[in-house]
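What the coordinates show
Residue strings, one per chain:
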Amino acid sequence: MRHVLTSFLSVHWAIVFALLALICIDGDRGVAAALGVLGVTIESARLVNLENIVVVAPLATALLVVSVLFFWAFVDCLINDGTSPGADSVVRIAFISASGVLSMILIGGAAQGINGLFMVVAVQLAALLASYVAMLAERRSAAASDDADFRATAHSMAKAAAHNSLLSLISGRTGPNGKGGR
């Protein structure tokens, strides 16, 4: 079964973090524009050089790594079965990394004195958590339906074997061990 919601959310978050990284490395806008996309209005008088390469390069790299992790989760969802033992590991790593990057943005923004950053990061973290729960629920429901199909198949095979055994007992045919139908 293809995981539509997992695929969509993985691509969505990959695009979001890739665009944030692209906006962050843009020479004209930089970190202030990336935070503006998230919803933070920054007063340029209070900034302590957010356009410095020491700030921009690690942030853009971290955002790009998170984007690649989400894209990897998307490819993993397309290639592998969602019920395989390691299927959740890439998704889990991507969400943990995204939460870490957003937490580092919050810490760095608080150190710079940027107002309104806490609520924006809290909303993004809540959206990440909701996405992770939705992906996990979709994977678990797929695993449960596969388990239910397995049980239904096993039950029908057991019923067919019992039926065949009863038919052989009624007809008097001998089974493989020579004791009637048993």
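Because the structure is a prediction, the values reported are computed rather than measured. (Residues numbered from 1 in each chain as written. Predicted model: local features only at pLDDT ≥ 70, side-chain atom pairs only at ≥ 80, totals over all residues. Heavy atoms only, no water.)

1. A closer look at the overall build of the protein
- Counting secondary structure elements, the protein contains five helices and zero strands.
- Listing each helix as α and each strand as β along the protein from the N terminus yields α-α-α-α-α.
- The buried share of the protein, reckoned over its 182 residues, is 31%.
- In the protein, the share of contacts with a sequence separation of at least 24, taken over all contacts with a separation of at least 6, comes to 70%.
- Surface accessibility of the protein: about 10900 Å² in total, with carbon and sulfur atoms responsible for 68%. (Helix = DSSP H or I, 4+ residues; strand = E, 2+ residues; numbered from the N terminus. Buried < 20%, exposed > 50% of the residue type's maximum accessible area, 1.4 Å probe, protein only. Contact = heavy atoms within 4.5 Å. Areas by Shrake-Rupley, 256 points an atom, 1.4 Å probe, with all protein chains shown as cover.)

2. Some points on the nonpolar core
- Among the nonpolar cores identified, the biggest contains 37 residues, and F17, L35, F70 and F95 are the most heavily contacted of them.
- Going through the elements one at a time, helix 1 (4-25), helix 2 (30-38), helix 3 (53-79), helix 4 (87-112) and helix 5 (117-171) are the ones with two or more residues in this core.
- Non-local contacts of F17, meaning those with residues more than four positions away in its chain, are made with L63, V66, S67, F70 and A98. (Core = buried A, V, L, I, M, F, W, Y, C linked by side-chain atoms within 4.5 Å.)

3. Focus on the confidence of the model for the protein
- Of all residues in the protein, 74% have pLDDT values of 70 or greater, and the mean over the chain is 79.
- Taken element by element, the predicted model of the protein shows its lowest mean pLDDT in helix 2 (74) and its highest in helix 1 (90). (pLDDT = per-residue confidence, 0-100.)

4. Comments concerning the side chain of S67
- When you line up the elements, S67 lands in helix 3.
- Of note is the side chain of S67, whose polar atom sits 2.7 Å from the backbone oxygen of A14.
- Apart from residues no more than four positions distant in its own chain, S67 is found in contact with A14, F17 and A18. (Polar contact = N/O pair within 3.5 Å; in protein donor to acceptor, adjacent residues only side chain to side chain.)

5. Points about the packing of aromatic side chains
- Applying the stated criterion across every chain, the model contains five aromatic pairs.
- Feature note: the residues W13, F17, F70, F95 and Y132 constitute an aromatic cluster, connected by ring pairs. (Phe/Tyr/Trp six-rings, centres within 6.5 Å; stacked < 30°, edge-to-face > 60°.)

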